[in-house]
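# A look at the structure
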Amino acid sequence: MLGMMGLVCQRATLHKAFFLNPSSALSCVSVQGPVISPHCAEETCGTELSPSIQLGFFTCVGPQSGPARGEDGGRAAGSGPAAVATFAAVVTSLLDRLQGVEDGRAEIYRELESVLWHDESHLQNSVVDRVIAVAFEDLQAAQGVTAAVRTDASGVLVALARSHLHDVMSVLQGHLKALEGMSEEFVLITLRNLAARYALQCVPFVETTLSALHGVLSEVGSSRLLRTVCGVVEQWCRGINTYFREWEKCAFPRLGAAQLCAPVYPLFRYVGRNWRRCEEEEVKQAVLRAMGAMMGVLLHAEQHRERAWEQLLWLLHQYREVREPFGVTTSLSYFLGAVADVQTLVPRAKLLAINAAVHQQLCDEIEPPSPEHRAELCRCAVLQAQICPAETIVFLYCKLRSGSKADRVAAMEVLQALVRSDAAEMREKLPLFVKLVQSVRGDPAAQVRKAVLHFIGELLRSSAPGCSAWDVVGHIFSEFSRASGRLAMGSLCAVEAREERAVQRLCGHVLGTLDMSARGVAKLLWPRLLRYVVPAQYTGMLVPLCRCLRALAERQESAGREEEEAAPEALESEELAPLPAPQALLARLLFLRTSLEVVGSEAWTVGLSRELSQQLGSSPRLSWEKRFLYKALGTALAACGCLRHVQEQTLRYLQEANYLELWQAQGMISVVSRCAESHFQLALSSVKAFMGTLKHQKQSNTVRTRATRAALMVVYGRMALRAPREQLLAHIERDIVGNVLQLYREGRQDAQLRLSLVQSVTEISLAIGAVGACPRFELCRKRELLQTLLEVIQEEPQESPVHPRAIVAIEQLSKLKPHLRREEKHNLLAQCCQGVVRLRRPEQMAKEGETGAAAPHTSGVHALSLRVLGQLVAALLRAEPAPVCFKDLVQVLRRWLTSAHACERERALQVCVQLLGTYEERREHRRGHACEQFGSLAGLLGPLTCDVSAVSRQRAATCLGRLLQIGAKTTDEAAWSNEIRRLCQRLNAVTSESLLTTSTNIAKLVCKSCPAAQATDFTSAIVESLLCARPMGVWAAGRWMLTFLGERGEQIFQEEVPQMVTILSSCLRSTRQSTPRGFALRAMFLLARSHQQPVLDSLLQKRLPMDSDMVELWRSLGRSTLGCHILVCLTKKLRAAGKSSHQRDCCTQELGSSQAALEPRTITRALSEVLVVLRSKTLVQHLLPSLLPSLLGQVSETLGEEMALSLGELGSNDTPGSLFVETLELVLARCLEERWLRLLREQGVWASLADPQAHTAGVCLLASVLIRAELVPQRLVQSLFSWLGSPSANLRLTATAFFAELVKDHLVEKTKLLKPLLKALLERSRDPINTVRQMAMRGVGNMASGAPTKLRRHRAAVVEVLCRGLEDVAGAEVAAESLLALVKVLGQLKASAVGSALADIARSTRAFLGAEEEVLRRLAFTLYGTLASSASGRRSSFSREVEEVFPSLVLHLRDPAPAVSDACKGALHLCAPFLGSKRVRRRIATSAGLSAAELQDEICSHLAQDCPALLERLFSTARSCCMGSCQASQVTAVTVLGIILDTAPAEWLQRWDLAFLWGATTGASVCVRGTKNEKPRDTTTEEDVFLGHNAAKSNPAQRGGAG
């Protein structure tokens, strides 16, 4: 603490010495050492100044804030000693309280600050140092000090700097070397406040302060400290700019711009390089302010000026980056002020950029600038005009001539600011500003008109002589009259009516706020204002007008006539302003007094009415005075209390009026209606009485009578308008509406009568509506009136002016109770739309031979009809909840928006513009509640942006802009309506491609705002346009549809997708044209890209047969980039459908089964179409493990299936499985080479797969080809493996057949699937289905070639299964397969491996040697041969088997089947080694070259000679076969018996039962002939043969001859 106080005292002493005598101070520093104050001399004695103190000493040069101190620490001049002592005592007391108190320090600091601010005394040096030390202690405290205390301590230092700036500044500069936390933040805050408070006094400290600040910028870490640093930079730079403007006020010598800019430029570079890209909003604003202040400083130095201009574009770009643009405008305004001070040349590009940026901010309608921001923007514009006046005026002129409405309003606001400017160069250009404003005085936009009125008011307040070139007063009254006329038409929507009333109020405000004391105002207004008193259209302006006239009269009276007569401007103004006649002016002013009711005399009002009647007779017939007198007479009669006089006058004018003269009829109407204001019932009775006289006229349908009825109908309506509200409703139904309808029906209903009816109904409705809320009142005849009005619309020609007026009447009538039902409103609007939208164009009327003179009238009727139709739409929308009515209105307009006639679309669009405007105003737009008809309207309006009519294109874009504004109010997104307005200018392009490009850009904006939940509505509407016959409409609709799906496809709700798919599919069926079909197909692709699963699910719900449109659709998707994904998805669906069909309950009803079966067929049909066009073979090969099981499984499931579905549903397929087989063929065509495909076709695989009888053969052939083509991946094997345990017999059959072929290949062993597969095959060997068991046996047998090693390991189980197959009595095919399998298995196994099973196998096989089936016999003999070849190690046991089977082997050598005979021969040769007779063995072994028959003869002959026992057994076996059922065995047995009888000895015959033998052979011979009936029968009987054989045996010679 003492060190700090010593440093403070040291610096204060140095500063004091320098300002008193710099040279002595320098010598003191260099020679004598430091100068210190007495109270710290002991502590600092003998020390030298540090470099930092020396730097502060040399740089702290500036004006002295107060008188210099003396050597004793006091003041050289100032207050007296008593005042100083008192002041020091107060300060010391407060400091003592600070040191002893922890709480309440902020209050003490505020007291101390107040003392320092309000006391002019001067403190001693020691007190100053103590104040600084105490305050800095709290500023730098690490903790325990609140922010409020720090703030108050900083305030004390600022207050102390009022007289001791050098002392405070020295200490602050010393603490800038290190910024650490919040304590140093308040040091910076103090520096900022010092620069703000003492701008000029701080200039000498600029270099040291800013240099020290630049040195610590890199240490700024927190955003809070960064904002504080930016605030310091901003305030010090503003102080520098203040010095540049007010340097004369400073006592010290003037400093150069380069000297002051030098420390600013490093800061400028650092901030621009490191802090410009901060993301926090508060930091951005702080950096903006600092950069703006530094740019203003650097403009004064020529070497840095270019750098400052370079940052201008960055500053303007911040309008897009920051949330609050007011800070950008403030910095820009400050910079432009500096530019104006420097008076440097502004680059043209920079000027244009500033103009555009400022103007764009003024034009912002989405987020309008606040009043403060708007004022700052106008200040920027004024500064630009002062810097570059010519360029600014050209810019404003361009915006006024060719800009949008918002551009024109903004330009007018800038011109107002220029008029308000006090700059001399701006006042010189006032006539030019007036000319600019005159160019837009006829603008129809209400906002522009109001801006012009504001400009006129500003012009009249600032400079009346500037108005001499333009009758600005006349423009005020003209605008009032224009607004009144538009309101009187009753055809404005609520928004437009509100704008017109605002224009009226503004006209009165401008006129009423004029300052008559301004120079030249009285001379300008006095003659001109008088001409606006009398005309009736300015009645609403009479109050401010009379105030102005009174103020002018008072000024004339006070100033005297002499001065005014001498003014030439006044005389000139009187000549320019035609004054009204004195009597007319007097009558007008008298009439406009409060009212006639204040006159108590009845005689006076009666006399007045009579006088007015006389004046009527003498006034010109078509003058405004006569119209005025009629109104005055009616008013007088209304004020008259003599009812008899009133009734007489009323009847008089009713009876005497010539209704064929329009002006007399109007006069009568004016008198009677105004009279009804006070005498309503009397006026009603008078008109009713006059109506009675019409019935008694002889010619009731004359022209005069019809005119009278028409006038009376109008009278009733006008009386209703002016009737007292409390009396109207009691008489409206019977006395007014009833009489009006009576007059209409009694007369001849011509155009005049219809027009009067329409006018009367309109006024009656307005009158009822003006009464206000009356819950109990309902107009009972409302529907009758509406029906009458609709009949009027239907009966009148389309171009009649009655049409728009009738619609106005319907609009007003629809507002009354009882409210119409929804269908009534719909019908009402539909009929009105039909009557208006279908109006003929003038050119169409000319083509039809009608005169062209009526074209202007027809155009006016068209415009008015469309406007009032829009008002009717608005009225209906207000009368019912907005969403419901809005939906109905859109449905009505939908027909006309898609009409084939351009004029109908054009008119419907105009109505749509008004509808959307009213809906936007009427509906309460809540966040999250989107417009229900956004999608439908966007789809209907979008294609119309390319309509053949330019008007339709612009209106469609306008509708879309309003639709976007409606949408923006329900979301947080910004509206794109301004962007659409910009694109509207491009809709006038000539080329079709330009139009389509612009329309597509609009579509991108609209689609971003279209609710995703309304995608179906949008698609439905856009498809309507897509199916139209207009080429451009088709292209535009297609572009919009594709843009929507491209931009918003991902956001479409899943539940919307099926409906969209249905709409697009119906579009394909509805047209054969290529363009719309192409768009529909592309749209389906985009939809599928975003929602693939829902789209495919929807398409797959279409029932078979698949028509050409669906075929084209699937093929289009297959050709697209989604083709591969769709194929994958369809594959998964087919697989899932297969699984569900496998698990489906077999008890499903017939219809349910039909529909369930249809799903896989539909998927497969779609899959086939995609495969036809898909070119990716790699993908199909990748999907083969999924595709092949799915398709093969469906083929399998359809085996034996009845045609439950009709041929129409299935298509032209022959069998239920043909579709799946064809698709499987397509799949394999993408996977296999041509040679394999040719092989499959040649072997008839495809036909076999669908044939229940040949299915297993087809599967085996297919598996064989796949194996050889190496297309059996592990996933495929795993998929099919699961079928082995399926509850579906067909699937088990297919899988078993596939694996029966697959086990031939070593692939099974590689995939480690052999063990589970063997287990599965063994299980399938017990399957209840014969064919499955057969395939299982085949698979087990094929393991001998595919996995011989595993076979040996599991030989016991395999042999057991095969043996069981031999005993399968349910199916011979199972036994045959078992025999064949045993042949293969035993070929790999030895007898030792088989063990005891060898005898069982032989024993079981023996049963098939005499089987009737050829294949069984052949396989049995083959197996015996195999057994013999493998039983070499078991000779003894197998020899007995051979001995047993030997007769059968010999017997079947002559089997009728050659294959069996050959197999038997082979088995005999293999079994021969096991025979007991060596001679027989040798004989068989040496007979290899003999045929089977020869071998049989040779064996029989040998047996007869050498082995009679064997021959005996052969004979017994043959005799048994003859008695058996096997025909083949019988044939063989007969032959063998013949041979035996031929070779056996004679003595043997005696032992044999020849009679039995004869019976047996006879039966066998009959069987043989039955089997060979195609050969000619031998005449020799069986007995002869048998006997012949015996004779041959008994006669050796004969036997030898036979041999």
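Position numbers for residues start from 1 in each chain and track the written sequence from start to end. For this predicted model, a pLDDT threshold of at least 70 governs which residues receive local features, and a threshold of 80 or more governs which side-chain atom pairs are given and counted, while totals over whole chains, interfaces and linings are taken from all residues. Side-chain descriptors were evaluated using all non-hydrogen atoms of the structure, hydrogens and water having been removed beforehand.

Check the secondary structure of the protein and you find 85 helices and 0 strands. The buried label goes to any residue with under 20% of its type's maximum accessible area, the exposed label to any with over 50%, and the partly exposed label to all in between, with areas taken from a 1.4 Å probe on protein chains only. Of all 1603 residues assigned to the protein, the portion counted as buried reaches 54%. Here the analysis covers contacts within the protein between residues at least 6 apart in sequence; of these, 75% occur between residues at least 24 apart. Values of accessible area rely on a 1.4 Å probe in the Shrake-Rupley scheme; residue burial ignores everything except the protein chains shown. Carbon and sulfur atoms make up 51% of the accessible area of the protein, which amounts to about 69800 Å² in all. Counting from the N terminus, the helices are DSSP H or I runs at least four residues long and the strands are E runs at least two residues long. Residues are treated as being in contact if the distance between any of their heavy atoms lies within 4.5 Å.

Any Phe, Tyr or Trp ring, taking Trp's six-membered ring, that has another such ring centre within 6.5 Å forms a pair; planes under 30 degrees apart are called stacked, those over 60 apart edge-to-face, and the others tilted. All chains considered together, the criterion is met by 8 aromatic pairs. With centroids separated by 6.4 Å and ring planes inclined at 50°, the aromatic side chains of Tyr 243 and Phe 244 adopt a geometry described as tilted. The exposure class of Phe 244 is buried, given its relative accessible area of 15%. Consider the rings of Phe 1281 and Phe 1299, whose centres lie 6.1 Å apart with planes at 85°: the pair is edge-to-face. Residue Phe 1281 is found in helix α65 (residues 1274-1281), and its partner Phe 1299 is found in helix α66 (residues 1289-1302); the two are separated by 18 residues along the sequence. Classification of Phe 1299 as buried rests on a relative accessible area of 0%. Over the face of the ring belonging to Tyr 653 we find Arg 652, whose NZ or CZ atom lies 5.1 Å from the ring centre. Sitting over a ring, as applied to charges here, requires NZ of Lys or CZ of Arg to be within 6 Å of the ring centre and within 35 degrees of the ring normal.

Definition of nonpolar core: a set of buried residues of the types Ala, Val, Leu, Ile, Met, Phe, Trp, Tyr and Cys, connected through side-chain atoms within 4.5 Å. Counting residues in hydrophobic clusters, the biggest one holds 300 residues, and the most contacted among them are Trp 1114, Leu 1228, Leu 1249 and Phe 1446. When residues of this core are assigned to their parent elements, the largest contribution, 10 residues, is made by helix α37 (residues 703-722). Apart from residues lying up to four places away in sequence, Phe 1446 is in contact with Leu 1468, Leu 1475, Val 1480, Ile 1484, Ile 1499, Leu 1503 and Leu 1510. Residues Val 128, Leu 165, Leu 298 and Tyr 538 belong to the second largest nonpolar core, which totals 175 residues.

Note that Leu 1293 resides in helix α66. Here the alpha-carbon distance between Leu 1293 and Asn 1330, two residues 37 residues apart in the chain, equals 9.6 Å. Setting aside chain neighbours within four positions, we find Leu 1293 in contact with Thr 1256, Thr 1331, Val 1332 and Met 1335.

Between its terminal C-alpha atoms helix α14 (residues 281-298) stretches 26 Å, which fits the 26 Å expected from 18 residues at 1.5 Å a residue. Counting buried positions along α14 gives 16 out of 18 residues, so the element sits mostly inside the fold. Every helix has an expected span of 1.5 Å times one less than the residues it contains.

Moving on, we get to the packing of helix α59 (residues 1177-1197) against α65. Contact pair α59 / α65: the axes reach a minimum separation of 8 Å and the direction vectors enclose 20°. Relative to α65, the element α59 is oriented roughly parallel. Here α59 and α65 pass one another in a crossing that is right-handed. Of the residues in α65, those in contact with His 1182, Leu 1184, Pro 1185, Ser 1186, Leu 1188 and Pro 1189 of α59 are Arg 1275, Leu 1276, Ser 1279 and Leu 1280. Side-chain classes follow a simple rule in which Ala, Val, Leu, Ile, Met, Phe, Trp, Tyr, Cys and Pro form the nonpolar group, Asp, Glu, Lys and Arg form the charged group, and the remainder, Gly included, forms the polar group. Among the residues forming the contact of α59 with α65, the class breakdown is 6 nonpolar, 3 polar and 1 charged. Axis lines are fitted to C-alpha atoms, over the contacting stretch for helices. Their N-to-C directions set the angle, which ranges from 0 to 180 degrees. Should an angle fall under 35 degrees it is taken as roughly parallel, and over 145 as roughly antiparallel, whereas 65 to 115 is taken as roughly perpendicular and any remaining angle as oblique. Helix crossings fall into two classes, left-handed where the near helix is turned counterclockwise from the far one by less than a right angle and right-handed where it is turned clockwise.

Before going further, it helps to examine unusual backbone geometry. Pro 818 follows Lys 817 through a cis peptide bond whose omega is 0°. By the secondary structure assignment, Pro 818 is in the loop between α41 (802-814) and α42 (822-837). With a phi angle near 60°, Glu 1270 is a residue other than glycine that sits in the positive phi range. Looking at the element boundaries, Glu 1270 is found in the loop between α64 (1255-1268) and α65.

With that settled, consider the environment of Cys 1124. Note that Cys 1124 resides in helix α57 (residues 1123-1143). For Cys 1124, a relative accessible area of 28% translates into the label partly exposed. Distance from Cys 1124 to Leu 1171, taken between C-alpha atoms, is 9.6 Å for residues 47 residues apart in sequence. Excluding anything up to four places from it in sequence, Cys 1124 contacts Leu 1174, Ser 1176 and Leu 1179.

Further remarks concern the side chain of Thr 762. Mapped onto the secondary structure, Thr 762 falls in helix α39 (residues 751-771). Excluding its chain neighbours within four sequence positions, the residues that come into contact with Thr 762 are Arg 805, Val 808, Ala 809 and Gln 812.

At a minimum axis distance of 11 Å, the contact between helix α38 (residues 725-746) and α39 shows a crossing angle of 165°. Judged by the inter-axis angle, α38 sits roughly antiparallel to α39. The chirality of how α38 crosses α39 is left-handed. Within the contact between the two elements, α38 uses Arg 725, Leu 728, Leu 729, Ile 732, Ile 736, Val 737, Val 740, Leu 743 and Tyr 744 and α39 uses Leu 753, Arg 754, Leu 757, Ser 760, Ile 764, Ala 767, Ile 768, Ala 770 and Val 771. Grouping the constituent residues of the contact of α38 with α39 by class yields 15 nonpolar, 1 polar and 2 charged.

Time to look at the state of the cysteines. Pairs of cysteine sulfur atoms within 2.5 Å are what we label disulfides. Scanning the entire structure with this criterion turns up 0 disulfides. No disulfide involves Cys 642; its sulfur sits 5.4 Å from that of Cys 640, the nearest cysteine. On the basis of relative accessible area, Cys 642 is assigned to the partly exposed category, the value being 25%.

With that settled, the discussion passes to the pattern of salt bridges. Salt bridges are identified by distance alone: a Lys or Arg side-chain nitrogen within 4 Å of an Asp or Glu carboxyl oxygen. Under the counting rule described, the total for this entry stands at 39 salt bridges. Between Arg 486 and Glu 500 there is a salt bridge whose closest N-O contact spans 2.8 Å. On the criterion of sequence distance, the pair formed by Arg 486 in helix α25 (residues 472-489) and Glu 500 in helix α26 (residues 494-512) is long-range, its members being 14 residues apart. Under the relative-accessibility criterion, Arg 486 is labelled partly exposed at 31%. For Glu 795, the salt bridge goes to Arg 754, with nearest N and O atoms at 3.4 Å. A residue pair is termed long-range when its members are at least 10 positions apart, and Glu 795 in helix α40 (residues 782-795) and Arg 754 in helix α39 qualify at 41 residues. Exposure remark for Arg 754: the relative accessible area of 12% places this residue in the buried category. Residues joined in a network through salt bridges with shared partners are Arg 449, Glu 479, Arg 482, Arg 486 and Glu 500.

Attention now moves to the confidence of the model for the protein. Of the residues in the protein, 78% reach a pLDDT of 70 or more, and the chain-wide mean stands at 74. Considering only residues more than four positions removed or in separate chains, one finds that residues 592-600, a stretch of pLDDT under 50, has 8 contacts. A residue's pLDDT is the predictor's confidence in that residue, given on a scale from 0 to 100. In this model residues 1564-1603 is a low-confidence stretch, pLDDT under 50, and it forms 39 contacts with partners more than four residues away in sequence or in other chains.

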